[in-house]
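# Commentary on secondary and tertiary structure
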Amino acid sequence: MALQWLILSYVVAAEVVITLVLTLPYPMLIKKRVVQLVSLILQPAASIVAFAGFQLLDIYWKAEHRLSCSSEVCTATERDRYEKSIYKAQRNVVLCAAGILLYWCIYRICKFNKDLELLEAEAKKRSKEE
């Protein structure tokens, strides 16, 4: 069960690196190449949104069907196990939300750079016509 969270954490770490690379100031030629490369990766990487969404649904389902340990019948170890599962679930929700949010940020940064490139091309075209 931990393999899915390991994969998701690696994907989120890769998204953080890609976001940092996209936001660093580069010369325009290098920036265009980086944006083109990341844009090619974006469509297959969209599966992370579905994967994180299904993981969120799984966390919600487990939270709804989790046995609560709130009575005096619970032992200290049962209470610790219950609290640990709650903390893990909260960590995993943050991880899923970060994966989805970072994918959206990368998508918007690439779209912004492409739109900026189109506007610059149109401005060059207008200046040549004048």
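Here the structure is a predicted model, which means the values were calculated and not measured.

## A look at the UniProt feature "transmembrane region" (unreviewed entry) in the chain
The residues that UniProt annotates with the feature "transmembrane region" (unreviewed entry) are residues 6-25, 37-57 and 92-110. As annotated, residues 6-25 comprises 90% helix and 0% strand, and the C-alpha atoms at either end are separated by 31 Å. Between the end C-alpha atoms of residues 37-57 the distance is 32 Å, and the span holds 95% helix and 0% strand.

## Some details on helix α4 (residues 76-129)
For α4, built from 54 residues, the straight-helix expectation of 80 Å at 1.5 Å per residue is met to within 8% by its first-to-last C-alpha distance of 79 Å. Turning to α4, its buried residues number three or more, namely Ala-89, Asn-92, Leu-95, Cys-96, Gly-99, Leu-102, Tyr-103, Ile-106, Ile-109, Cys-110 and Asn-113.

## Section: the nonpolar core
Ranked by internal contacts, the top residues of the largest apolar core, which has 19 residues, are Trp-5, Leu-8, Leu-22, Val-38, Leu-42, Ile-106 and Cys-110. Secondary structure elements with two or more residues in this core: α1 (2-23), α2 (28-45), α3 (47-64) and α4. No other element matches the eight residues that α4 contributes to this core. When near neighbours in sequence (up to four residues on either side) are disregarded, Leu-8 contacts Ile-48, Phe-51, Leu-95 and Cys-96.

Rules and cut-offs
- Residues numbered from 1 in each chain as written.
- Predicted model: local features only at pLDDT ≥ 70, side-chain atom pairs only at ≥ 80, totals over all residues.
- Heavy atoms only, no water.
- UniProt positions renumbered as here; feature names shortened; annotations may be inferred.
- Helix = DSSP H or I, 4+ residues; strand = E, 2+ residues; numbered from the N terminus.
- Expected span 1.5 Å × (residues − 1).
- Buried < 20%, exposed > 50% of the residue type's maximum accessible area, 1.4 Å probe, protein only.
- Core = buried A, V, L, I, M, F, W, Y, C linked by side-chain atoms within 4.5 Å.
- Contact = heavy atoms within 4.5 Å.

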